[in-house]
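Coordinate inspection notes
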Amino acid sequence: MRKDVRILLVGEPKVGKTSLIMSLVSEEFPAVVPYRVEEITIPADVTPERVPTHIVDYSEAEQTDEQLFQEISKANVICIVYAVNNKTSIEKVTNHWIPLITENTDKDSRVPLILVGNKSDLVEHSSMETILPIMNQYSEIETCVECSAKNLKNISELFYYAQKAVLHPTGPLYCPEKKDMKPLCVKALTRIFKVSDLDNDGILNDNELNFFQRACFNSPLEPQALEDVKNVVRKNLIDGVHYNGLTLKGFLFLHTLFIQRGRHETTWTVLRRFGYDDDLELNQDYLFPPLKITPDCTTELNHNAYLFLQSIFDKHDKDRDCALSPDELRDLFDVFPYMPWGPDVNNTVCTNDQGWITYQGYLSQWTLTTYLDVQRCLEYLGYLGYSIIAEQESQAAGITVTRAKKIDLQKKQTQRNVFRCNVFGDMASGKSGFLQAFLGKNLERQKIIKEEHRSYYAISTTYVYGQEKYLLLHEVFPDFDYLTDADMACDIVCLVYDVSNPYSFEYCAKVFKQYFTDSKTPCMMIAAKSDLPEVKQMYGCSPLEFCRRHKMPPPQSFTCNSAAEPNREIYTKLTTMAMYPHARLRCMCTCNRCTFCLCQNLLNSELLQTVRTKLYAVVLRSFASLLNRHIIQEDLTSSSFWLRASVGATVFAVLGFVVYRVLLKIR
Ligand code: GDP
Ligand code: MG
């Protein structure tokens, strides 16, 4: 909203400018009038629109042309005053004042004009016949009003119209010649309709209308008022109401009606609530709410924002196949001024067999944007109307700024949900294959990716001890001399070499020695293309020996040249290492022989599952009999049965936890 409104009165001498101002202030007609009154300021709380208002007088006798021009350029709205009984003063409106104002104002900043016919007490007839053609000729004339400083007719109205012309200008909304809304206004209202159409069926039903009404005006519509609105639309438009709800056409028609009836403050209230400024562009303050991010922290979406994004997905996944077809995706981003996701996104997140972004992939891409460029995420959430639909203060309410990583390391635990893995490796060592395999694409499916559609990021979810976490892989361009601090900043490092290329390991060894020897970031060596015959690496020691010397897990064999989806195990390991950089999970071999592997397998084994079920049954039975001694036998539906069952379950849970702790200790 504006901070204040500046109203300037101009016109021929003696038409009553000074008298009008004095009548407004003192509520009586002044007998003696000076040439000019000093600027007066009306405090916000006594003006109808609650905005401080300055009223500025002009007198040819007291002021120079230069002063007049300055005042014109400072004004937010200009009242051109004439006397209804003075023909010359009316003629001067068009042949002097309007051209003079046009010359002295910016072409881009349109200053609204109001034509004021004073001294209406002196004549019987109205001057409207002469004025209306002028109004039609100049679109900058917002309105006209006839008044009298003498008998105080229409005085407060005049200043109210002036204020309104500034706060709720007709100009950007409506074209009087075409008697229709302007294209930008239609575009903005169409976006508002789409955002408010929560189920995306092209109709605002009663629920949606009520929500909209509450969001914009803080109060729901009475059922009768709702019917009245729909009836007005029905009467005037064939397809304005459909299935008892408002169509886009009906919605636009309603707003045209508001504007035509001089109620454009209604339309402005709606537009402003959805973030638009006076030029019908989305406000920067709306799109980029303040969000404090300290160094060493990352940005993630919180539960509330994910719920909102899920609802957006659901409303656009019309065929319910849990993926967005190109049409569905276009429809989803229809409320954006541009298409935010390019074809590279399809190679950054999981897609289905048709190459369409899946539900999981969609959430991953949002997670990625939030992590890499939170300002962009705020902007996007703004286009989707997050603050309005999720009833939040601003988009910033959907973002979690994580604790500094330093503190996570000190406390040896983290609440983060997104972990970044930077992938290093020489040209053609298999980095991209490693990234794409995380998205479930084997070599065959990777071959069809066009060069211009490839991505240097891949993000998806993995499960670490039953918790869903995002792993973000980033392929670092192998230009050894230009590795930046940003290239080093991550939660885990992957060093990829090609087992079939004897010169590929050297790069990994070099990167490690140069940048990561003393780093706290855990590193993992990936022996890529393991389906090809392994050759001896031309380096001082073997990769295995290198890893042993530098206390790294042994190189992890990896191939994406598989018939089915590539194995995902490595990604879980990476996420685990990123989450627990302290833990000495040195054995990453999956050899099925060492303690780690045995424990891991035992935890997942069928034997343990069976033991668990058996144990549960035994515990339940023994507790049931224990309780039976005290409680009179009742049938199974009675409360005592459920009491027994829940006690049994609790005991098992405690026991299970103890077993788990023991296993963990062994590991
Ligand atoms: P300005 O030069 O435009 O500021 O005009 P003034 O306010 O000085 O008014 C010029 C003369 O017109 C004064 O004698 C006022 O008393 C008179 N006047 C101003 N407004 C009205 C009005 O509404 N009705 C009548 N009858 N006289 C008015
Ligand atoms: Mg005067």
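You'll find the structure just up there.
All figures in this text were calculated on a predicted structure; none of them were measured in a lab.

When helices and strands are counted, the protein chain shows 26 helices and 21 strands. For the protein chain, contacts bridging at least 24 residues in sequence account for 70% of all contacts bridging at least 6. Accessible area of the protein chain: about 34200 Å², with a carbon and sulfur share of 54%.

Moving on, we get to the pairing of strand β3 (residues 53-56). In β3, alternate side chains face the same way, and those of Thr53 and Ile55 on one face and His54 and Val56 on the other are all buried. Of the pairings in the sheet, the one linking strand β1 (residues 5-11) to β3 comprises four bridges and is parallel in character. For Leu8, the partnering residue across the bridge sits in β3 and is Val56. When strand β2 (residues 40-42) meets β3, the two strands line up antiparallel, connected through three bridges.

Every protein donor of the magnesium ion (ligand 2) is accounted for by Thr18 (OG1) and Tyr35 (O), and the metal-donor separations fall at 2.0 to 2.1 Å. Placement of the pair is Thr18 in helix α1 (residues 17-26) and Tyr35 in the loop between α1 and β2, with a sequence separation of 17 residues. On the accessibility criterion, Thr18 (7% relative accessible area) is buried.

Let us now look at the pairing of strand β4 (residues 77-83). In terms of residue burial, β4 counts as a mostly covered element, since seven of its seven residues are buried. Residues Val77, Cys79, Val81 and Ala83 of β4 are buried on one face, and the alternating residues Ile78, Ile80 and Tyr82, pointing to the opposite face, are buried as well. The pairing of β1 with β4 spans five bridges and is parallel. By the bridge assignment for β4, Leu9 is matched with Cys79.

With that out of the way, let us pick up helix α9 (residues 248-260). Compared with the 18 Å implied by 1.5 Å per residue over 13 residues, the 18 Å span of α9 between its first and last C-alpha is a close match. Of all the positions in α9, only Gly250, Phe251, Leu252, Phe253, Leu254, His255, Thr256, Leu257 and Ile259 are classed as buried. Positive backbone phi, approximately 75 degrees, marks Gly262, located one or two places after α9.

A few words now on the site of ligand 1. Close to ligand 1 lie 17 residues, the nearest being Lys14, Thr18, Ser19, Asp121 and Ala149. In the model, an oxygen atom of ligand 1 is placed 2.9 Å from a nitrogen or oxygen of the Gly16 main chain. For ligand 1, an oxygen atom lies 3.1 Å from a polar atom in the backbone of Lys150. Burial of ligand 1 by the protein amounts to 83% of the accessible area it has alone, namely 570 Å². Among the elements that line the shell around ligand 1, the one with the most residues is α1, at three residues. Taken together, the residues of the shell around ligand 1 sort by class into six nonpolar, five polar and six charged.

The next point concerns the pattern of salt bridges. Evaluation of the coordinates by the stated rule reveals 23 salt bridges. With a closest N to O distance of 3.3 Å, Asp331 and Lys194 form a salt bridge. Within this pair, whereas Asp331 is found in helix α13 (residues 326-332), its partner Lys194 is found in helix α6 (residues 183-196), the two being separated by 137 residues in sequence. Assessed through its relative accessible area of 23%, Asp331 is described here as partly exposed. Judged by its relative accessible area of 26%, Lys194 is partly exposed. Taking the shortest distance from any N to any O, the salt bridge between Lys230 and Asp206 comes out at 2.6 Å. Of this pair, Lys230 sits in helix α8 (residues 223-236) while Asp206 sits in helix α7 (residues 206-217), and the two are 24 residues apart along the sequence. Looking at Lys230, the relative accessible area reads 0%, which means it is buried. One network of salt bridges, in which partners are shared, links Arg6, Glu39, Glu71 and Lys74.

Okay, the environment of Ala527 next. Tracing the chain through its elements places Ala527 in strand β20 (residues 523-528). The buried category is assigned to Ala527, whose relative accessible area is 4%. Each C-alpha atom of the pair Ala527 and Pro555 lies 5.8 Å from the other, and the pair is 28 residues apart in sequence. What Ala527 contacts, discounting residues up to four positions off in sequence, is Tyr497, Val499, Pro555, Gln556, Ser557 and Phe558.

Residue pairs three or four apart in sequence face the same way in an α-helix, which turns once every 3.6 residues. Between its first and last C-alpha, helix α12 (residues 303-316) extends 20 Å over 14 residues, near the 20 Å set by a 1.5 Å rise per residue. Residues Ala305, Tyr306, Phe308, Leu309, Ile312, Phe313, Lys315 and His316 constitute the buried set of α12.

Our next topic: the packing of aromatic side chains. With the rule as written, the count across this model stands at 28 aromatic pairs. Centre to centre, the rings of Phe505 and Phe546 are 5.4 Å apart; their planes meet at 85 degrees, and the pair counts as edge-to-face. Within this pair, whereas Phe505 is found in helix α21 (residues 505-516), its partner Phe546 is found in helix α22 (residues 543-549), the two being separated by 41 residues in sequence. Overall, the relative accessible area of 0% leaves Phe505 in the buried class. Measuring from ring centre to ring centre gives 6.3 Å for Phe558 and Tyr571, while their planes differ by 80 degrees; the resulting arrangement is edge-to-face. Here Phe558, found in strand β21 (residues 556-558), pairs with Tyr571, found in helix α23 (residues 569-579); they are 13 residues apart in sequence, far enough to count as distant.

What follows covers the side chain of Asp197. With respect to the helices and strands, Asp197 occurs in the loop between α6 and β9 (203-204). For the buried Asp197, no salt bridge is present, and the opposite-charge side chain at shortest range is Lys315, 6.4 Å distant. Aside from chain neighbours lying at most four places away, what touches Asp197 is Gly202, Ile203, Leu204, Glu208 and Lys315.

As for its placement among the helices and strands, Thr256 is situated in helix α9. Accessibility expressed as a relative area gives 11% for Thr256, which makes it buried. Not counting chain neighbours up to four residues away, the residues in contact with Thr256 comprise Tyr174, Asp180 and Met181.

The six strands lie next to each other as β17-β18-β16-β19-β20-β21, forming an open sheet whose pairing is mixed. The strands lining the two open edges of the sheet, one partner per strand, are β17 (457-464) and β21. Here the strands of the sheet are splayed against their neighbours by 30 degrees on average, with no regard to which way each runs. The pairing of strand β19 (residues 492-498) with β20 spans six bridges and is parallel. Bridge pairing in β20 places Tyr497 opposite Ala527. Against the sheet, helix α14 (residues 359-372) touches β16 (418-425), β17 and β18 (467-475), its axis set at about 65 degrees to β18. Sheet contacts for α21: β16, β19 and β20; angle to β19, the most-contacted strand, approximately 155 degrees.

Rules used in this analysis
Residues numbered from 1 in each chain as written. Chains lettered and ligands numbered in written order. Predicted model: local features only at pLDDT ≥ 70, side-chain atom pairs only at ≥ 80, totals over all residues. Heavy atoms only, no water. Helix = DSSP H or I, 4+ residues; strand = E, 2+ residues; numbered from the N terminus. Contact = heavy atoms within 4.5 Å. Areas by Shrake-Rupley, 256 points an atom, 1.4 Å probe, with all protein chains shown as cover. Buried < 20%, exposed > 50% of the residue type's maximum accessible area, 1.4 Å probe, protein only. Pairing = 2+ DSSP bridges. Donors = N, O, S within 2.8 Å, 3.2 Å for Na, K, Ca; no water. Expected span 1.5 Å × (residues − 1). Near = heavy atom within 4 Å. Polar contact = N/O pair within 3.5 Å; in protein donor to acceptor, adjacent residues only side chain to side chain. Nonpolar A, V, L, I, M, F, W, Y, C, P; charged D, E, K, R; others polar. Salt bridge = Lys/Arg side-chain N within 4 Å of Asp/Glu carboxyl O. Phe/Tyr/Trp six-rings, centres within 6.5 Å; stacked < 30°, edge-to-face > 60°. Lys, Arg positive; Asp, Glu negative; His and termini not counted. Axes fitted to C-alpha atoms, helices over the stretch in contact; angles between N-to-C directions.

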